[in-house]
Amino acid sequence: MSHHRVVVEAVRFAYPDGTWALDGVSFELGHGESVAVIGANGAGKSTLLLHLNGILTADSGRIVVGDLPVAHGTLTHLRRTVGTVFQDPDDQLFMPTVFDDVAFGPLNLGMPEADCRARVRDCLERVGAWHLRDRPPHRLSGGEKRRVAVAAVLAMSPDILLLDEPSTGLDPRGRRQVIELLRGFAHTKLVVTHDLDLVLELCPRTIVLHEGRVAADGPSRTLLGDAALLERCGLEVPVAARPCPRCGFAPGLAEG
Ligand SMILES: Nc1ncnc2c1ncn2[C@@H]1O[C@H](COP(=O)(O)OP(=O)(O)OP(=O)(O)O)[C@@H](O)[C@H]1O
Ligand SMILES: [Mg+2]
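Residues numbered from 1 in each chain as written. Chains lettered and ligands numbered in written order. Predicted model: local features only at pLDDT ≥ 70, side-chain atom pairs only at ≥ 80, totals over all residues. Heavy atoms only, no water.

Asker: Break down the coordination of the magnesium ion (ligand 2) for me, with residues and values.
Answerer: Reference values for coordination geometry: four tetrahedral donors around a metal ideally subtend 109.5 degrees, six octahedral donors ideally subtend 90 or 180 degrees. Bound to the magnesium ion (ligand 2) on the protein side are Ser46 (OG) and Gln87 (OE1), at distances that span 2.0 to 2.3 Å. Taken together, the residues span a long stretch of sequence, with serine 46 in helix α1 (residues 45-52) and glutamine 87 in the loop between β6 (82-85) and α3 (98-108) at a distance of 41 residues. Note on serine 46: relative accessible area 21%, which makes it partly exposed. You can call glutamine 87 partly exposed: its relative accessible area is 36%. (Donors = N, O, S within 2.8 Å, 3.2 Å for Na, K, Ca; no water. Helix = DSSP H or I, 4+ residues; strand = E, 2+ residues; numbered from the N terminus. Buried < 20%, exposed > 50% of the residue type's maximum accessible area, 1.4 Å probe, protein only.)

As structure tokens, then:
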């Protein structure tokens, strides 16, 4: 299905204060691909994501999601197609209760109320947050908020999923639940993360951003074992990709 392809071509963007955040970024995502975007703080990862859902507009270059270029006239379509879990869950959760927050999107898309209730329950159960359904989102812990934010986006059944640090602040079980949940999401996903062990589990391909440019784009197992590349980009080889000092075996780089 070509309509879930994403094309990013020579995108440049500076914030109003003159900070250059993206300096000629190009790549393509095929339908169903699961791709990680990694890079040091300030590398431009969140800025890139905000271009793919139309919140920010490139100064130059081109972005195509599905068959449509990202532009003012296509934003409504884009918001139905692309689901974003933001870096800060407070940017996303705004209803009086967790239940209402997860129901908001599907109801807005015209889903009948009974179906919507079932959808909300299913999504909250899948992130282990059904028990939080009557709580106000702004009073939850950081990890609880992130679980709800993931549920709210999945409830919209997007064709393309953008996630900005989905595992940050989650306890080990929460992290595992989110990894399994994302593994079960068959469509295209782009995952911005500092959790490089998560990358090895979830994303066969990785894009490394460095100072607003693509420093590398290739198989995660190759790039995450490349200490020189990671060092150059302000990163470190993840624990699972470090070879055992005795036998040289790196479990995270082994064929799945
Ligand atoms: N609202 C803003 N106004 C001005 N500059 C900004 C703004 N937001 C981000 N920047 C700058 O743009 C660059 C890219 O920031 P971005 O938030 O995309 O980085 P990031 O890779 O997501 O980092 P992190 O890992 O810390 O989340 C940085 O130099 C940052 O200081
Ligand atoms: Mg960021």
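Asker: Describe in detail the packing of aromatic side chains, supporting the description with residues and values.
Answerer: By the definition in use, this model includes 3 aromatic pairs. Consider the rings of phenylalanine 94 and phenylalanine 104, whose centres lie 5.0 Å apart with planes at 85°: the pair is edge-to-face. Residue phenylalanine 94 is found in the loop between β6 and α3, and its partner phenylalanine 104 is found in helix α3; the two are separated by 10 residues along the sequence. For phenylalanine 94, a relative accessible area of 52% translates into the label exposed. Sitting over the face of the ring of tryptophan 20, arginine 12 holds its NZ or CZ atom 4.2 Å from the ring centroid. (Phe/Tyr/Trp six-rings, centres within 6.5 Å; stacked < 30°, edge-to-face > 60°. Lys NZ or Arg CZ within 6 Å of the ring centre and 35° of its normal.)

Asker: A description of the site of ligand 1 should follow, citing residues and the corresponding values.
Answerer: If you check the shell around ligand 1, you find 15 residues, and the closest are Gly42, Lys45, Ser46, Thr47 and His194. One of the side-chain N or O atoms of asparagine 41 is found 3.0 Å from an oxygen atom in ligand 1. Within the side chain of glutamine 87, one N or O atom sits 3.0 Å away from an oxygen atom of ligand 1. A total of 630 Å² of accessible area belongs to ligand 1 in isolation, and the protein chains cover 66% of it. No other element matches the 3 residues that α1 contributes to the shell around ligand 1. For the shell around ligand 1, the class distribution of residues is 4 nonpolar, 8 polar and 3 charged. (Near = heavy atom within 4 Å. Polar contact = N/O pair within 3.5 Å; in protein donor to acceptor, adjacent residues only side chain to side chain. Areas by Shrake-Rupley, 256 points an atom, 1.4 Å probe, with all protein chains shown as cover. Nonpolar A, V, L, I, M, F, W, Y, C, P; charged D, E, K, R; others polar.)

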